[in-house]
Structure formats: C-alpha cells, structure tokens
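# Close look at the chain arrangement
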Amino acid sequence: MAIRALKNHHKYIFVIGGVMSGVGKGIATSSIGTLLTAKGYRVNLVKVDPYLNVDAGTMNPTEHGEVFVLNSGLETDQDMGNYERFLGRDLTADDYITSGMVYKHVIEKERALEFGGKCVEAIPHIRDEIVHRFEHSAKVNKSDISIIEIGGTIGDYQNVMFIEAARVLKMRHPNDVLFIMVSYLPTPGKLGEMKSRPTQNAARQLAGYGINTDFIIARAESPLDHKRKEKIAVSCNIPCERVISAPDIESIYDVPANFEKDKLGILLLDALGLKSKKPDKSFEAWKRMARGIKNHSNREVNIAIVGKYFNTGDFILSDAYLSVLEAIKFSAYEAGVKAVIHTVNSRDFEGNDVGRPLPPRRDEVSHIRSAHPTPVAASTGEAQAAGFEVLDKYDGIIVPGGFGESGIEGKLNVIKYARENKIPYFGLCYGMQLMTIEYARNVLGLNEAHTAEINPRSPHLIIDIMPDQKKKLAEGNYGGSMRLGLYPAKLAKDTIAQEAYSYFQGKRLPKPTAMIKERHRHRYEVNPKYIERLEKGGLVFSGCSPDGRLMEIAELPREVHPFFLGTQFHPEFLARPLQPHPLFTAFVKAAKVRLGGR
Ligand code: GLN
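### Quick word on the overall build of the protein chain
Per the secondary structure count, the protein chain includes 20 helices and 24 strands. Expected size for 598 residues packed as a compact globule is a radius of gyration near 25 Å; at 25 Å, the protein chain falls within 12% of this value. Taken along its principal axes, the extent of the C-alpha atoms in the protein chain is 75 × 60 × 50 Å. Taking all 598 residues of the protein chain together, 58% fall into the buried category. Put simply, 76% of the contacts in the protein chain that link residues at least 6 apart link residues at least 24 apart. With an accessible surface of roughly 24300 Å², the protein chain has 52% of that area assigned to carbon and sulfur atoms.

### Some words on the nonpolar core
Residues Ile-217, Phe-259 and Ile-398 are the most contacted members of the largest nonpolar core, which totals 89 residues. For this core, the element with the highest residue contribution is helix α20 (residues 582-597), accounting for eight residues. For Ile-217, the residues in contact, after removing those within four places along its chain, are Ala-28, Ile-32, Ile-180, Met-181, Val-182, Ser-183, Ile-244, Ala-246, Phe-259 and Leu-264. Among the nonpolar cores identified, the runner-up in size contains 44 residues, and Leu-391, Tyr-394, Val-414 and Ile-465 belong to it.

### A few points about helix α10 (residues 264-271)
Along α10, the residues that are buried comprise Leu-264, Gly-265, Leu-267, Leu-268 and Leu-269. Positive phi shows up at Gly-273, right after α10, with a value of about 75°.

### A short note on a positive patch on the surface
The grouping of Arg-197, Arg-204, Lys-227 and Lys-231 at the surface amounts to a positive patch. Looking at the positive patch, the elements that each hand over two or more residues are α7 (197-208) and α8 (226-236). Within the secondary structure, Lys-231 is located in helix α8.

### Quick word on the side chain of His-520
Position of His-520 relative to the elements: it lies in strand β20 (residues 515-522). A relative accessible area of 1% means that His-520 is categorised as buried. Only 3.5 Å separates the side chain of His-520 from the side chain of Arg-483, close enough to count as a polar contact. Side-chain polar atoms of His-520 contact the side chain of Glu-552, separated by 2.7 Å. In contact with His-520, other than residues within four places in its own chain, are Val-69, Arg-483, Leu-484, Gly-485, Tyr-487, Glu-552, Gln-568, Phe-569 and His-570.

### What to know about the packing of helix α4 (residues 99-111) against helix α5 (residues 122-141)
As a packed pair, α4 and α5 sit with axes 10 Å apart at the nearest point and diverge in direction by 120°. Judged by the twist between their axes, the crossing of α4 over α5 is right-handed. Here α4 contributes Met-101, Val-102, Tyr-103, His-105 and Val-106 to the contact with α5, which in turn contributes Ala-122, His-125, Ile-126, Glu-129, Ile-130 and Arg-133. Tallied by class, residues from the contact of α4 with α5 come to seven nonpolar, two polar and two charged.

### Some thoughts on the site of the ligand
Taken together, Gly-401, Gly-402, Phe-403, Cys-429, Tyr-430, Gln-433, Glu-453, Arg-521, His-522, Arg-523, Tyr-524 and His-570 make up all the residues around the ligand. Measuring from an oxygen atom of the ligand, one finds a backbone N or O atom of Gly-402 at 2.9 Å. Protein chains bury 99% of the 300 Å² of accessible surface belonging to the ligand in isolation. Breaking the shell around the ligand down by element, the ones donating at least two residues are α16 (430-442) and β20. The class makeup of the residues in the shell around the ligand is four nonpolar, five polar and three charged.

### Brief notes about the pairing of strand β23 (residues 551-555)
Summarising burial for β23: five of the five residues are buried, a large majority. As judged from the four bridges shared by strand β22 (residues 540-544) and β23, these two strands associate in the antiparallel manner. Bridging across to β23, Gly-543 finds its partner in Ile-553. Here β22 folds back onto β23 in antiparallel fashion, the turn holding six residues, of which Gly-548 has a positive phi close to 80°. For β23 and strand β24 (residues 564-567), the ladder comprises three bridges, and the chain directions are antiparallel. Bridging across to β24, Ile-553 finds its partner in Thr-567.

### Some points on the packing of aromatic side chains
As enumerated under the stated definition, the model contains 15 aromatic pairs in all. Ring geometry for Phe-426 and Phe-587: centres 5.5 Å apart, planes at 35°, overall tilted. Of the two residues, Phe-426 is situated in strand β14 (residues 425-428) and Phe-587 in helix α20; the sequence distance between them amounts to 161 residues. Per residue, the accessibility class of Phe-426 equals that of Phe-587, and both read buried.

Quick notes on the rules
Residues numbered from 1 in each chain as written. Predicted model: local features only at pLDDT ≥ 70, side-chain atom pairs only at ≥ 80, totals over all residues. Heavy atoms only, no water. Helix = DSSP H or I, 4+ residues; strand = E, 2+ residues; numbered from the N terminus. Rg over C-alpha atoms; globule rule 2.2 N^0.38 Å. Buried < 20%, exposed > 50% of the residue type's maximum accessible area, 1.4 Å probe, protein only. Contact = heavy atoms within 4.5 Å. Areas by Shrake-Rupley, 256 points an atom, 1.4 Å probe, with all protein chains shown as cover. Core = buried A, V, L, I, M, F, W, Y, C linked by side-chain atoms within 4.5 Å. Patch = residues over 30% accessible without salt bridge, like charges linked within 9 Å, V, L, I, M, F, W, Y side chains within 5 Å. Salt bridge = Lys/Arg side-chain N within 4 Å of Asp/Glu carboxyl O. Lys, Arg positive; Asp, Glu negative; His and termini not counted. Charge placed at Lys NZ, Arg CZ, Asp CG, Glu CD. Polar contact = N/O pair within 3.5 Å; in protein donor to acceptor, adjacent residues only side chain to side chain. Axes fitted to C-alpha atoms, helices over the stretch in contact; angles between N-to-C directions. Left-handed = near helix turned anticlockwise from the far one by under 90°. Nonpolar A, V, L, I, M, F, W, Y, C, P; charged D, E, K, R; others polar. Near = heavy atom within 4 Å. Pairing = 2+ DSSP bridges. Phe/Tyr/Trp six-rings, centres within 6.5 Å; stacked < 30°, edge-to-face > 60°.

This is the structure in structure tokens:
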C-alpha cells in the first residue's frame, strides 16, 4: 500500500475512547495540544467523526451540539471549536475527517475510472484514503506532531476503518506513532469504590484490533490512587507512570495543568523520542487565564440567551450554543465581571417569559461532576403569568443564530423590549436579521416586514435571499451551500463596532480598525432595497462587505441606546480564551454598566 516514509519523523498521537463516550475525549485531545505547543512543538489537531454525513452542517444542533464553522467554511463538530480555543489558532478543512467525506471521495474516484478496473473495497481503498488524509493534514499544517482524535468508542462498528488506518501507520512507523486511550473509572454509589475492570476490558478490546495503548488517561470522579494505577498498568501492559489521573475538575481550562501534574507532556515527548524545546511562555498565560476565569470576580452580570431549543428533552442545551457561552466567559473575564447565563424560551414571549440558570456544558459536566448529561427540564408554563418586565432583571440579552419559524415572534418581542428599555442587546446572525425586521416593523411602521426564510410573500422583505442562494435551494442543494466561512467587512467610522474592534486584549490599538474578517453561516441577507430607508429611520450599518452590497453589522447610535448591535456573521467562532472577541467584550461591558446602574 502507498504509505510514504514519515517526513522528518513526523509524529502521530491517536486519542481513542474506551469504556464509554461523553467523558471529555475532545477536551483531553485539546489539552494535549496546549501542552505540547507549550513544549515548543508545532501541533495540529485532527477530529475524526465516523458518521456518514459529509460534514456537520446538516445535523440538528439540539441533538448533536453546535455546528462549528472554520475559516474555509467547512461546517464541523463542536470539538473543532474546542481545538481552536485550546490551540489559539485557526484550523484548516484538512483537520476534519468524516466517513462521509472519505467514502464520497473514494466512490467519486471509482466513478471516474481512477481505480483502473480494480474491485474497490474498504480495505485497502478506504483505509488508504484515511491514511492519506492523516498525512495530508500534517503536511498542510507543517506540524511536528499530529494529535488525532478518533470519534466514538472502541468497539463501535463506525470507527473501525479509522482505527485500522492508525494501526497501519503504527506498524510502518513504530517509533513515531502513539496511542492514548481515554477511559472512565466508575465509582458505583453502593460500592463507594472506583472500578478499573471496564478499563482493562477496553484495553483488551483495543488489543484485539492489533493496538496496544501506550497511555491511559483515566477519567474518574476523583484522582486515581497508586494502587489503582498499578492495577491498570499491569493489566494493560504499560508502565505505571503512563496511567494519567484525570479527575473531575472545576473548569475545562484547568485540564492541561492537571495533566502536567502527572507529567503527561514530558512523558509523551519521551515516548516519541523527543525532547522539550524551550518552554513556551504561552503556557504561563494560559494557566493565569485558567485560574482567573473561575473566580476573578463576584460581580455578576445576568445575560439571557433567547432561543427556541428548550423543550427537546434529554439533551444539553448549552452544547447548542457552546461557542457563544465560551465567548461570553472570556469577555466577562476581560471586563472584570462574572457572567451568569440564563436561557429564555422565545416561545414563552409570544406573550410571557421564563428564565433560569443554564446547566454546565456537557464536557464540563463530564469533567466536573459525572458522565451523565444534565437534561434541561421542559420550560413552559413556569412564568406564564409574568409580563415582559421580567426581562428587566437581565443586564444583557443575546439572540443567537437560528433557522426557521418557530419562536420568531417571541424573539421579535424580546428585541423590541430590549430596544425600548435600553437593555444591552447583541444579535448574532439570525439575531441581527430579526433586529432589523423589528426595527422596520416598529420604528419604520412596516408592520408586515419579514424575512423570505419565513414569509416570502411579505410586501416588505427586509431580509431576502440572494439570487445564487435561490438557485441552490431550487436544486435541492442544501449541504455546505450557505454563505460560509471567513469574509472581510469594512467598518464605518465612529461607530460602536469600530470602537470595539479598536481594542485588542484590553489595549487600544494605535489606529481605529478599518477592516475585519469574520466567519459566516447564513443564506439570507439584509435586502439592499431597504438599506436607505432603514438608515434614514435611524439604524446604522456599521459594517458592510468591501463592495458595500452586503450589510454585516447593524447598530443604534450610542446616544439612542447603550448597546443595540447585531452581526450578520458569527463572532463567537473567533473568540479565544487568550483573545476574547472585541464585540462580546463591548457587549459585556455595556451589561456591566447597566448592572452598576441598577
Ligand atoms: N436563518 C438565517 C439565514 O439562513 C440565519 C442563519 C444563522 O443564524 N446562522 O440567513
């Protein structure tokens, strides 16, 4: 088979889950990335999702978590967002691999007669295509070490080809490939004792695929004692020091430092025959951030996220808005406040309101408390009698991205209330479109103003579909066909947006920022026919595409409202713990001002 020699002994670390899913494999992978970067190596992180969807764009976020978007426009699993946040840099489309992508490519080659009359089979053709993608990602990133997370758990049918590809790489390059099994040690309440048997069985099952794991990251409620480490080491055939204790901890951003307690970074380098280069100072900054983000302030700003996704039973709502939540967290730290996030069900505002604190995100739940997701209780009826004044308790309101009709009128009502009562408002994508519709309806008096997504027959299509998008929909071409990925926008002078972007990490830049680049994921746009009318009516378009055709940011002047701003793009995808997003920071600061005044 066509596996080339590893150039300059490029190293691969495969992260595979044992025992069960949902125990924080993505955070473990991200954290190893942080650690090895801090040791002076250029690292790339790859996520393998074994499903047959070609990308994550067609999946429902209420079931599968947020759809993350890369600069390239590829729609991915939310883990890619974690990777970018932990590495502090942008990932490429070559760093995400699904079974769907691999099979589609191989089948298209077969249709183009590229296999020269051979029978095309899972082995070798699918496996080799996977190996090729692993190698290609390393090359594109010019990295020293690739860390590849294989989705699912050992024993799944779906990920077998990826495990087989990893085995073959190891067979060819025994000194350059490592395996880490992220396992879980349950402590059944009745026994009160941590059980290692499932981990031993998972290691055995992996051995059945021809792979001996080199390290075990042992997730558990509490730290592993020496006795258990030894037991696992002996039964899984690895030195005791390579059993890494990974207890539940308060914040996911503590995980890299926690791994360091067991010297994971150095042990991994040793196992790969590498030495630590000069330590990177960024790890000190990371540790400071991780410490600070937890307890830096007890001044609490209450932020409401208005969504429609709340009555879907046993899923973690917080996963659907993961990047938004993290973006708020980073900016709250920068602004010197603690953000308490509340969910608000927009449907309850078609007349009434309900709000309650948000449960922790799934990977935090797993790293913090237990491996079981906390279901969000059905939210209807709780405050049926309450009026819109219940919104006064929030210091800031966000309407995040979304699709479709449900909950729309409630969102519009909330936006109207935020505008009229000067509550800081931040609209993300759909939240910006709806804010523009609300303005057209209630300020310009265009009562039937709407978006073509919901009512294409409205006489005032404030938000409309662009001609190229119309064509795609007519062809039934839904996958990966929105306006996706990084696009530039120019900022208008003396606006809230420009002011916000003229700060970087709390410091004012020497010149006001004129151009930005942000990530997009939408089909509809502000209708050019209404721009003049909206502007005359007082709405300011403070960011637009360089050719001036597409509206990217809308806001009200500071004299009219302290912060009423929406973006057609998704700023949350570029918020990083060491580089909070300027618009989120400006929003949280406005919320802080409101808190001060209450
Ligand atoms: N549904 C809207 C559109 O397609 C907004 C999308 C979003 O919020 N990501 O344009």
